[in-house]
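# Geometric and topological summary
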Amino acid sequence: MKYLFTISIALILSFVPATAQEITEHRLSDEVIVMEGRGGNMTVVETEAGLVVLDTFMTPASARKARKKIEAFSNKPIRYVINTHHHADHCFGNQVYSDAVIIGFKNFVERVQTRYGKDIIKAIKNQISELESKLDAAEAGSEDAKKIEGLLESSRQELDDFGDFVLTPPDLSLEGGATILLGGKTIKILHFGRGHTDTDLVIFVPEEGLLVMGDLLWNRRISYIDAVESDPLNWMRTLGELIKNCSSAKHVVPGHSHVSGIELLSTQRTYLENLWNAVKTARETGLTLEQAKQEIKLEQYKDYMYYDRGALQLSIENCWKIMERSSASN
Amino acid sequence: MIGTLCSALVLFLSLTHPGTDEVTAQSINENVLVLTVTKGFWQVNGSAVSTDGGVIVIDTFNLPDFALQAKRKIREFTDKPIRYVINSHCHTDHAFGNAVFDDAVIIGHSKCGEELIGELERIKLEDPIRSFEKMSATAKPGSEKANRIDDMLDFLRRLNTLFNSGFKPTPPDIEFENAAILSVGGTTFELIYTGPVHSATDIAIYVPKEKVLFTSDLFHPDSIPAFKADTMPHPTRLRKVFKLLLESCGDANYVVPGHGRICSISDLKAQEAYLTELDAALQKAWDSGLSLEQAKSKVHLEDFLSYDNYKAVHQANIEEWWKIKKH
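Residues numbered from 1 in each chain as written. Chains lettered and ligands numbered in written order. Predicted model: local features only at pLDDT ≥ 70, side-chain atom pairs only at ≥ 80, totals over all residues. Heavy atoms only, no water.

Now for the interface of chain B and chain A. On the chain A side, the residues contacting the 17 residues of chain B number 14 residues. Approximately 1,300 Å² of surface area, both sides summed, lies buried where chain B meets chain A, with 52% of it carried by carbon and sulfur atoms. Taken as a group, Asp173, Ile174 and Ile181 of chain B account for 33% of the area that chain B buries against chain A, more than any other trio of residues on that side. The tally of links between chain B and chain A comes to 0 salt bridges. In this structure, the connection of chain B to chain A is made through 7 residue pairs in polar contact (both at pLDDT 80 or more). Where the side of chain B that touches chain A is concerned, the elements lending two or more residues are β6 (105–109), β7 (174–176) and β8 (180–184) of chain B. (Contact = heavy atoms within 4.5 Å. Buried area = accessible area lost by both parts, 1.4 Å probe. Salt bridge = Lys/Arg side-chain N within 4 Å of Asp/Glu carboxyl O. Polar contact = N/O pair within 3.5 Å; in protein donor to acceptor, adjacent residues only side chain to side chain. Helix = DSSP H or I, 4+ residues; strand = E, 2+ residues; numbered from the N terminus.)

In structure tokens, the structure reads:
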């Protein structure tokens with residue numbers, strides 16, 4: 001468990017530069033804003049009867065900052081919060097919105113605790129101790145030491161930001177899709193099974209042509225595929241379903257980075273297909289995992305963020321593990 | 001629906017008792033209140049569950065008057081805010097009072113709102129009103145029967161006035177597919193999807209902390225379940241539903257149906273037992289070459305003879321079973 005936590009928090013930290021702690025606001029229409037900040041994107045939809053907030057950033061501190069921005073955007077009450085999945089960067093700010101009805105997928109607490117352990121604060125403190133030991137052992141001034149120092153700084157900031165963190169699970173845990181009617185708008189919550197995780201929810205608001213994808217969609221960034229939680233094949237099928245059923249979407253919001261159009265779903269599906277097929281071919285031709293990580297380049301994606309930071313290699317490794325598990329169980 | 005309304009008359013005369021209070025309240029324990037409307041065809045149950053995070057109301061009756069009276073009873077029971085309303089299904093008598101709980105978030109199963117509008121369009125009350133007017137004219141003034149008829153007439157007229165007033169049912173704010181779990185102030189409400197049985201949007205609600213299961217119209221106490229070969233509820237589906245509820249909520253101390261008395265899990269078990277025993281007895285009859293008529297005269301289930309509707313339903317169930325077997 002601790003290993004998983006270390007992996008995931010370290011990943012998030014290394015992928016989230018300190019500058020991302022500032023919130024950048026994008027207005028998609030009179031009634032929709034997207035905020036890019038700590039932990040990715042938060043989307044806010046205003047209706048005549050109140051607001052719907054999609055995701056809550058990674059820490060109570062960042063969620064509070066976001067709430068101030070939301071209050072500046074609209075004085076209507078926040079009626080619903082929907083978590084696109086259980087990863088920290090999308091829901092650990094939930095406590096700041098506990099006056100709203102929080103909606104997520106079932107098994108939220110179990111999934112969070114499996115991934116991050118039962119005590120998040122303690123886990124961050126452990127991580128800081130581990131990094132401190134690593135820094136002591138690293139050669140002063142080396143590249144390694146610099147990396148560790150960066151992570152250490154982010155982890156300390158993390159501990160600060162978490163402050164009064166309380167795990168706040170959804171009030172309503174779904175076991176499928178749902179529809180919310182609020183102030184003349186239809187908030188369609190869609191679930192297609194395990195994709196990025198098994199708690200993925202996609203939100204479609206037809207009146208606004210808004211499609212909020214969570215981490216099923218990455219815009220010019222290497223997607224995070226988890227060795228345990230992701231199912232790339234069903235992820236691709238999900239994208240296919242959404243391309244078919246939500247073709248009227250004008251604004252498509254990925255879990256992180258810039259808003260795009262519906263065409264990004266095809267790009268995402270092609271990326272996953274290319275990656276998956278490359279790993280599959282590598283396994284079929286008898287390559288070892290290490291060889292596959294060396295040889296698979298997918299250079300058409302070399303401009304994607306994190307490509308040069310080992311994210312592609314991690315994806316290759318995780319796809320490999322998923323395939324390995326699948327062939328072992330067949 | 002008119003047919004249903006008219007044929008329900010006999011049941012009404014035997015089940016309902018006129019009274020001045022239209023909504024009565026009965027607490028099961030310190031947190032669970034069962035609200036019962038005694039006016040209309042049969043008594044309709046709604047409930048309120050108090051949690052540390054507020055009150056959850058299950059079902060809202062048909063006339064807003066009833067919902068308002070129920071709300072007042074809830075206010076006498078607890079001053080906590082009413083946070084959620086759960087619609088057990090999309091029938092008028094369980095959901096037309098939704099609008100009275102305008103501060104709460106209303107939750108129902110998929111298409112509940114659409115079905116409620118359909119109900120409004122489908123139900124025509126003029127004929128039943130005329131029938132009751134005729135009955136009222138011939139009943140002995142002041143007799144118990146006359147009082148019941150007038151009570152019913154009053155109810156139907158009020159419902160008709162509502163329907164003709166431009167009333168639009170308030171749909172749930174949230175409609176969910178499959179199942180869901182609602183957590184409020186440390187109490188969880190398991191919203192169990194059974195598939196269409198009594199309506200297109202049936203759910204049962206189980207509150208493990210209180211050990212109370214709300215089945216609404218999936219189950220009618222002191223009645224054997226009636227099933228159909230071609231339409232819902234199909235006997236196989238019914239058995240599956242009872243099995244599901246007994247497995248998921250077997251430790252319930254109380255079972256609150258949509259109509260009738262507060263029950264225990266053994267009442268639910270009896271329903272499942274009826275279906276299982278009937279199936280076994282009819283299979284035996286079928287295998288030994290009996291005709292439908294022979295089966296109808298020979299297959300009797302002693303344990304269920306005392307049920308209110310045994311005479312009316314058991315023979316019909318045998319016919320339906322036979323139809324299924326023949327197909």
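Residues and elements named next belong to chain A. Structurally, Gly209 can be placed in the loop between β10 (202–205) and β11 (210–218). For Gly209, a relative accessible area of 4% gives the class buried. Note: C-alpha distance between Gly209 and Cys246 (37 residues apart in sequence) is 8.5 Å. (Buried < 20%, exposed > 50% of the residue type's maximum accessible area, 1.4 Å probe, protein only.)

This paragraph deals with the packing of aromatic side chains. Inspection of every chain in the model, using the stated rule, returns 15 aromatic pairs over all chains. Taken together, a centroid distance of 6.0 Å and an interplanar angle of 80° make the contact between Phe92 of chain A and Phe162 of chain A edge-to-face. Here Phe92 of chain A is found in the loop between α3 (88–91) and β6 (101–105), whereas its partner Phe162 of chain A is found in helix α6 (residues 143–162), with 70 residues between them in sequence. Judged by its relative accessible area of 0%, Phe162 of chain A is buried. Between the aromatic rings of Trp321 of chain B and Trp322 of chain B, the centroid separation amounts to 5.8 Å while the plane-to-plane angle is 50°, which identifies the pairing as tilted. Of the residues examined, Trp321 of chain B reaches a relative accessible area of 7% and is grouped as buried. (Phe/Tyr/Trp six-rings, centres within 6.5 Å; stacked < 30°, edge-to-face > 60°.)

Another point: the sheet that holds strand β4 (residues 50–54) of chain A. Overall, mixed pairing links the 12 strands, which are arranged β1(A)-β2(A)-β3(A)-β4(A)-β5(A)-β6(A)-β7(A)-β8(B)-β9(B)-β10(B)-β11(B)-β12(B) in an open sheet. The open sheet has two edge strands with one neighbour each: β1 (24–29) of chain A together with β12 (254–257) of chain B. Taking each pair of neighbouring strands and ignoring which way they run, the sheet shows an average axis angle of 20°. Sheet analysis places strand β3 (residues 40–47) of chain A next to β4 of chain A, joined by 5 bridges and oriented antiparallel. The residue of β4 of chain A that forms the bridge with Val44 of chain A is Val53 of chain A. With respect to the sheet, helix α7 (residues 235–248) of chain B is in contact with β9 (187–193), β10 (203–207) and β11 (212–216) of chain B, its orientation differing from that of β9 of chain B by roughly 160°. (Pairing = 2+ DSSP bridges. Axes fitted to C-alpha atoms, helices over the stretch in contact; angles between N-to-C directions.)

Moving on, we get to the pairing of strand β9 (residues 185–190) of chain A. Residues and elements named next belong to chain A. Pairing of strand β8 (residues 178–182) with β9 involves 5 bridges; the strand directions are antiparallel. In the strand pairing of β9, Thr179 is matched with Lys188. The hairpin formed by β8 and β9 contains 2 residues between the paired strands, and Gly183 there has a positive phi angle of roughly 45°. As paired strands, β9 and β10 are joined by 3 bridges and run antiparallel to one another. Counterpart to Lys188 in the pairing with β10 is Phe204.

All right, on to the confidence of the model for chain A then. Low-pLDDT portions of the prediction should not be read for the details of their coordinates. For chain A, the average pLDDT comes to 92, and 94% of its residues sit at 70 or higher. Across residues 1–20 of chain A the pLDDT falls below 50, and counting only partners more than four positions away or on other chains, this stretch makes 40 contacts in the model. (pLDDT = per-residue confidence, 0-100.)

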